[in-house]
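Residue-level structural notes
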Amino acid sequence: MNTVTCIAPVNIAVIKYWGKRDETLILPANDSISATLDTDQLCAKTTVMASPHFKQDRIWLNGKEEDARNPRLQNCLEEIRKCAGHSNSLSQWKIHICSENNFPTAAGLASSAAGYACLVAALAKLFKVEGDISSIARVGSGSACRSVMGGFVRWHMGTKPNGIDSIAKQIVPASHWPDMRILILVVNDAKKKVSSAIGMRRGMETSELLNYRVKHIVPERTNRMQQAIIEKDFNTFAELTMKDSNQMHAVVLDTYPPCTYMNDISHAVVELIHSYNDAVDSVKVAYTYDAGPNATLYLLEKDVPAIIGVLDHFFPPLKDTLVEYRKGLPIETVKPSQDLLNKISIQRHAPGCFKYIIYTRVGDGPKYLKDPKDHLLNAQGLPINQA
C-alpha cells in the first residue's frame, strides 16, 4: 500500500477570477490575486492510497461516496499520471481518495480550491511528481492553483492556447505581512443556487460589463494590487479589494438572466464597513465577497478588537447558540464608544444574522501529515470513520 495524507488551505481572492476563456482547460479570462489562509483554521484534508488490488478509482467527500468518474477529478489523475511517466508502477494502479473540509462546502468559502489543491498535492507526493503543480490543480478547480502555495499569490492567465503558461506564482510569503488578519462572517452556509461555473459561463456569454472588465480594468488593477501587497500599503490594498468585489457582483447582476450571490445581510455588512471607515476617518477594514453571501474582511491585527466590538453591536450574536460563535484565533473585543456609534448611522440588526465568525491570518501552502494516525483511509483503503 502507498498512502499520503495532506492538508491544504483556502484562498480568498482580492482581485477576482470570474470568467473562463477556455472551459475545458479552465483558463481564466484575467489574472487574479488571493491571500492563502492559515490551515489551522480552514483547510481541506485528503488521504490518497494506491494499490494493485483496487478494482476502480473511488472517492469519499465529507463522509459520502461520490462518483470518481467526475471529469475534473479524472483530469487531475490523468495529468499526474502523465507527469509521473509510464515507468512509475503506480500509474497503472487504481486510487482511493478520502477528503474532508473543516468548513462549509459549496457556500462561497472556496471549498473546491482547497479540495483540489489538497488532492493534487497529495497525488504529487504519492507519484513523486516534483516542480510546479499549480497547472494540474487548475484543471480540477481554477482557483485551486492559488491554494498550492502560501502567502499572497497571483494566478497568471497566460496567453498560450494549451494553457501551459496559466500558472500561479507567489507574490510574497505569509511572513511578509505578519499583521494582516482575516475575519470571515458566515451568513449562510447553505449550498448556492447557481454554481460559480454556471455563473461564469453565463457571464462570458451575456455580460458586456464582464467583457469590458477583463480587457480594460483588471490588468492595471492587478498590477496595482501586487505593488500594494509588496509595499504593505493597506489603504490601496483595501480600496482595490472592495472595488473589485463590488465590480464582480455588478457583473453577476449584468449577466442575463442575472445571478445573485449576496443577500440583504451581505449588503448591510458593506454599508457598515463604509460607515465605520468614514466614522474613524481612515480605511481600517475591507470587505470582499466570492460567489456567496459570506463576507471576508481584511484588516490589520491592531484594529481587530475595535471592529469585532462594532460587529457585535450592529449584528449581535444569539444569546443561546448551540454553535461556537467565534472560531479560530482568540479574539479580544473593545466595546465601541457612544460617540463612535453616533457617527455610524446605520440600523442595528436583530440577533443571529451571522451563524459564526472565523478569525484567521495569512498562512502557508499545503502540508504533509506523516503520522499514520492522521490518515482518513484504513489498510483496506476504506474511510476510517465508516469502516
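Procedures and definitions
- Residues numbered from 1 in each chain as written.
- Predicted model: local features only at pLDDT ≥ 70, side-chain atom pairs only at ≥ 80, totals over all residues.
- Heavy atoms only, no water.
- Buried < 20%, exposed > 50% of the residue type's maximum accessible area, 1.4 Å probe, protein only.
- Helix = DSSP H or I, 4+ residues; strand = E, 2+ residues; numbered from the N terminus.
- Pairing = 2+ DSSP bridges.
- Core = buried A, V, L, I, M, F, W, Y, C linked by side-chain atoms within 4.5 Å.
- Phe/Tyr/Trp six-rings, centres within 6.5 Å; stacked < 30°, edge-to-face > 60°.
- Polar contact = N/O pair within 3.5 Å; in protein donor to acceptor, adjacent residues only side chain to side chain.
- Contact = heavy atoms within 4.5 Å.
- Axes fitted to C-alpha atoms, helices over the stretch in contact; angles between N-to-C directions.

**Concerning helix H8 (residues 304–314)**
Most of H8 sits inside the fold, with nine of its eleven residues counted as buried. Inspection of H8 places Val-304, Pro-305, Ile-307, Ile-308, Gly-309, Val-310, Leu-311, Asp-312 and Phe-314 among the buried residues, and these make up the whole buried set.

**Notes on the pairing of strand E1 (residues 2–9)**
Among the eight residues of E1, six are classified as buried, and the element is accordingly described as predominantly covered. Alignment of E1 against strand E6 (residues 43–51), held across eight bridges, turns out to be antiparallel. Bridge assignment links Cys-6 to a residue of E6, and that residue is Thr-46.

**Points about the nonpolar core**
Phe-152, Phe-237, Leu-297 and Phe-354 are the most contacted members of the largest nonpolar core, which has 122 residues in total. Sort the elements by how many residues they give to this core and helix H2 (residues 111–126) lands first, with eleven residues. By size, the runner-up hydrophobic cluster in this structure holds six residues, among which are Met-49, Phe-54, Cys-98 and Leu-376.

**Describing the packing of aromatic side chains**
Counted under the stated rule, the structure contains nine aromatic pairs. Aromatic pair Tyr-17 and Trp-155: ring centres 4.7 Å apart, planes at 65°, arrangement edge-to-face. Placement of Tyr-17 in the loop between strand E2 (11–15) and strand E3 (20–22) and of Trp-155 in strand E10 (residues 152–155) is noted, with a sequence separation of 138 residues between them. As far as burial versus exposure is concerned, Tyr-17 and Trp-155 are alike and both buried. Aromatic side chains Phe-152 and Trp-177 sit 6.1 Å apart centroid to centroid with 40° between the ring planes, which places their arrangement in the tilted category. Linking Phe-152 in strand E10 with Trp-177 in the loop between strand E11 (168–172) and strand E12 (180–186), this pair joins segments that are 25 residues apart in sequence.

**A short note on the side chain of Asp-57**
Mapped onto the elements, Asp-57 comes out in the loop between E6 and strand E7 (58–61). On the basis of relative accessible area, Asp-57 is assigned to the buried category, the value being 12%. A polar contact is formed between the side chain of Asp-57 and the side chain of Gln-74, at a distance of 3.4 Å. Engagement of the side chain of Asp-57 in a polar contact is seen with the backbone nitrogen of Ile-95, the distance being 2.8 Å.

**Some points on the sheet that holds E6**
Spatial ordering of the open sheet is given by E8-E7-E9-E6-E1-E17, a layout of six strands whose pairing is mixed. Of all the strands in the sheet, the pair left with one neighbour each is strand E8 (64–66) and strand E17 (367–368). Along the sheet, H2 contacts E1, E6, strand E9 (94–101) and E17; its crossing angle with E1, the most-contacted strand, is approximately 145°.

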